[in-house]
Amino acid sequence: MANVSAVTSFILTAYTELEAHRYLYFAGFLFLYIVILLVNLVLIVVIWSEKSLHGPMYLFICNLSVNGVCGSTFILPSVLSHLLSHNYEISLSFCLLQIYCIFLYGTVEFVILAVMSYDRYVAICHPLHYHLLMSPRKVTAAIALSWIIPCVYFALYFILTTVRLSFCDRYIEKMYCMNFELVKLSCRETSFIRFLGAVLLLVSPSPQIIMILFSYACILRVCLTASKESQAKAIQTCTPHLLSVINLSVGCLYEIVQGRFNMNHVPLQARVFLSLHTSIVPPLFNPIVYGISIQAIKVQIIKLLSSKKSETH
């Protein structure tokens, strides 16, 4: 057993399974990371530069893209570095920072999606009061709080629990640090921390899930009595959001399951993809689906790309 005081870094053993095709994985993940940065930056620039897109829905989509870039950056550069350097060691401080950032990214994403569901609820169910209920001040406050509350919430959790642990082992069977894996390596009794972690997993997304379910229940009730034209418009604006919620939920559910059960029976490629699902698929999927499905954004993206193309000739 390792000396408690000596464990200041960990070994991410999952990379040993990727050694035979490390350069193929590196090229694939690098390509995906570059595409994620490009599609999100295009969407952010278009919404930020075009005043007609400064409405609540577009600002929330822009915030979703900013968080998507952060979520990918918290994980993928680290993965690329490990694949290229043949060094699977990660320091305790960076491991804790990675866990904090992953939690932060997932929670902020759920909060933004919950706020977006409320925005759609107000737009469809209370269109006459939309500008009052979604005023610029309220939109700014919602965006700020979607970052501030998770930051403070998880900072307190880490200070009270994980940061104070000492460790008797240094091998983590993952591609990046996860809180549950780190707690399992502790020398201390961790029953309370595991219980607190389970409670956190239930409590943290609950308000957002309730808001999303409430918003869509109200939208469905209104759509049942609305005209076909109104129903089509509601479906067009709500479908991208619903797909984003489902997409994120699938990734988060796998994170919870694979941290607590043995997943060795799942093929390696599937485990690698699913373990990186939340840092690759939502940040790639969201800007593309919103850019394609929302006409006002699509028009501005085409205009931006056309102007860049004309400048090169």
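Residue positions are given per chain, counting from 1 as you read along its sequence in written order. Residue-level local features of this predicted model are given only where pLDDT is at least 70; pairs of side-chain atoms are given and counted only at 80 or more, and the full residue set underlies all totals for whole chains, interfaces and linings. Side-chain figures throughout are based on the complete set of non-hydrogen atoms in the structure, without hydrogens or water.

J.: It is not clear to me how the overall build of the chain should be interpreted in this structure. Could you clarify?
T.: In terms of helices and strands, the chain carries 12 helices and three strands. The globule rule puts the C-alpha radius of gyration for 313 residues at 20 Å, and the 21 Å found for the chain is close to it. For the chain, the exposed area adds up to about 16300 Å²; of that, 71% sits on carbon and sulfur atoms. Counting 20 positive and 13 negative side-chain charges, the chain places the centres of these two groups 10 Å from one another. Strands are runs of DSSP state E lasting at least 2 residues, helices are runs of H or I lasting at least 4, and numbering of each runs from the N terminus. Throughout, the radius of gyration refers to the C-alpha atoms, and the reference size of a globule is 2.2 Å times the residue count to the power 0.38. For every accessible area listed, the method is Shrake-Rupley and the probe measures 1.4 Å; residues are considered covered only by the protein chains on display. Counted as positive: Lys and Arg. Counted as negative: Asp and Glu, with His and the chain ends omitted from the count. Here the site of a charge means NZ on Lys, CZ on Arg, CG on Asp, or CD on Glu.

J.: Mind showing me how you'd approach the pattern of salt bridges here?
T.: Working definition: two side chains of opposite charge can pair if their charged atoms are close together. Salt bridges are defined as contacts in which a side-chain nitrogen from Lys or Arg sits within 4 Å of a carboxyl oxygen from Asp or Glu. A full pass over the atoms with the stated rule returns four salt bridges. A salt bridge links Glu 19 to Arg 22, with the shortest nitrogen-to-oxygen separation between them at 3.7 Å. Among the salt bridges present, the one from Arg 170 reaches Glu 89, with a minimum N-O distance of 3.0 Å. Here Arg 170 is found in the loop between helix H5 (136–160) and strand S3 (171–172), whereas its partner Glu 89 is found in strand S2 (residues 89–91), with 81 residues between them in sequence.

J.: Could you clarify how one ought to interpret the state of the cysteines in this entry?
T.: Simply put, disulfide is the name for a covalent bond between the sulfur atoms of two cysteines. Cysteine sulfur atoms are paired as a disulfide whenever they fall within 2.5 Å. Following the criterion strictly, the structure yields two disulfides and no others. Across a sulfur-sulfur distance of 1.9 Å, Cys 95 and Cys 177 are joined as a disulfide pair. For the disulfide bridge between Cys 95 and Cys 177, the dihedral angle about the S-S bond is near -115 degrees, and by the sign convention the bridge is left-handed. Taken together, the positions of Cys 95 in helix H3 (residues 92–125) and Cys 177 in the loop between S3 and helix H6 (179–184) put the pair 82 residues apart, joining distant regions of the chain. Cys 177 carries the same exposure label as Cys 95, and that label is buried. Linked covalently through their sulfurs, Cys 168 and Cys 187 form a disulfide whose S-S length is 1.8 Å. A 1.4 Å probe rolled over the protein chains alone gives each residue an accessible area, and that area as a share of the maximum for its type sets the label: buried under 20%, exposed over 50%, partly exposed in between.

J.: Sorry, what's going on with the sheet that holds S3 here?
T.: Within a sheet, neighbouring strands are paired by backbone hydrogen bonds and run either parallel or antiparallel to one another. The three strands are arranged S2-S1-S3 in an open sheet whose pairing can be described as mixed. Looking at the sheet topology across the chains shown, the edges are occupied by S2 and S3. Paired strands, as defined in this entry, are two strands with at least two bridges between them according to DSSP. Summarising the sheet, strand S1 (residues 9–12) and S2 pair through three bridges and their orientation is antiparallel. Paired with Ser 9 across the strands is Ser 91, a residue of S2. Residue contacts are defined here by distance: any two heavy atoms, one from each residue, within 4.5 Å place the two residues in contact. Helix axes are fitted only over the stretch in contact, all axes being lines through C-alpha atoms; the angle between N-to-C directions runs from 0 to 180 degrees. Contacting S1, S2 and S3, H3 runs over the sheet at an angle of about 80 degrees to S2.

J.: How do you make sense of the pairing of S1 when you look at a structure like this?
T.: Taken residue by residue, a regular strand's side chains alternate between the two faces of the sheet. Along S1, one buried face is formed by Ser 9 and Ile 11 and the opposite face, lined by Phe 10 and Leu 12, is buried too. Direction of pairing for S1 relative to S3: parallel, over a ladder of two bridges. Residue Leu 12 lies in a different strand from S3, and its bridge partner there is Ile 172.

J.: How should I be thinking about the environment of Thr 140 in this particular structure?
T.: Within the fold, Thr 140 resides in helix H5. A sequence separation of 100 residues divides Thr 140 from Pro 240, and the C-alpha atoms of the two residues are 22 Å apart.

J.: Looking at this model, I keep getting lost on the environment of Tyr 100. Mind explaining?
T.: Among the structural elements, Tyr 100 can be located in helix H3. Separated by 54 residues in sequence, Tyr 100 and Phe 154 have C-alpha atoms that sit 6.9 Å apart. Sequence-distant contacts of Tyr 100, that is, excluding residues within four places in its chain, are made with Cys 151, Phe 154, Ala 155 and Phe 158. Pairing of N or O atoms within 3.5 Å defines a polar contact, subject to two protein rules: one partner must be a possible hydrogen donor and the other a possible acceptor, and residues neighboring in sequence count only if both atoms are side-chain atoms. A polar atom in the side chain of Tyr 100 sits 2.7 Å from the backbone oxygen of Cys 151.

J.: Is there a simple way to explain the packing of H3 against helix H11 (residues 277–293) in this structure?
T.: Relative placement of two packed helices is described by the angle separating their axes and the distance separating the axes. Relative orientation of the contacting elements H3 and H11 amounts to 30 degrees, with a least axis distance of 12 Å. Classified by the angle between their axes, H3 and H11 sit roughly parallel to one another. By crossing handedness, the relation of H3 to H11 is classed as left-handed. Residues Tyr 105, Glu 109 and Met 116 of H3 lie in contact with H11, whose contacting residues are Thr 278, Pro 282, Pro 283, Asn 286 and Tyr 290. Gly is placed with the polar residues, together with every amino acid not listed as nonpolar (Ala, Val, Leu, Ile, Met, Phe, Trp, Tyr, Cys and Pro) or charged (Asp, Glu, Lys and Arg). Partitioning the contact of H3 with H11 into residue classes produces five nonpolar, two polar and one charged. Roughly parallel means an angle under 35 degrees; roughly antiparallel, over 145; roughly perpendicular, 65 to 115; everything else is oblique. Definitions for this section: a left-handed crossing has its near helix turned counterclockwise from the far helix by less than a right angle. A right-handed crossing has that turn clockwise.

J.: Explanation requested: helix H10 (residues 268–275) in the structure shown.
T.: Helical geometry: 3.6 residues make up each α-helical turn, so side chains three or four residues apart lie on a common side. Listing the buried residues of H10 in full gives Arg 271, Val 272 and Ser 275. Viewed along the axis of H10, the buried residues span an arc of 100 degrees, placing them on a single side of the element. The arc in question is traced by the directions running from the helix axis to the C-beta atoms.

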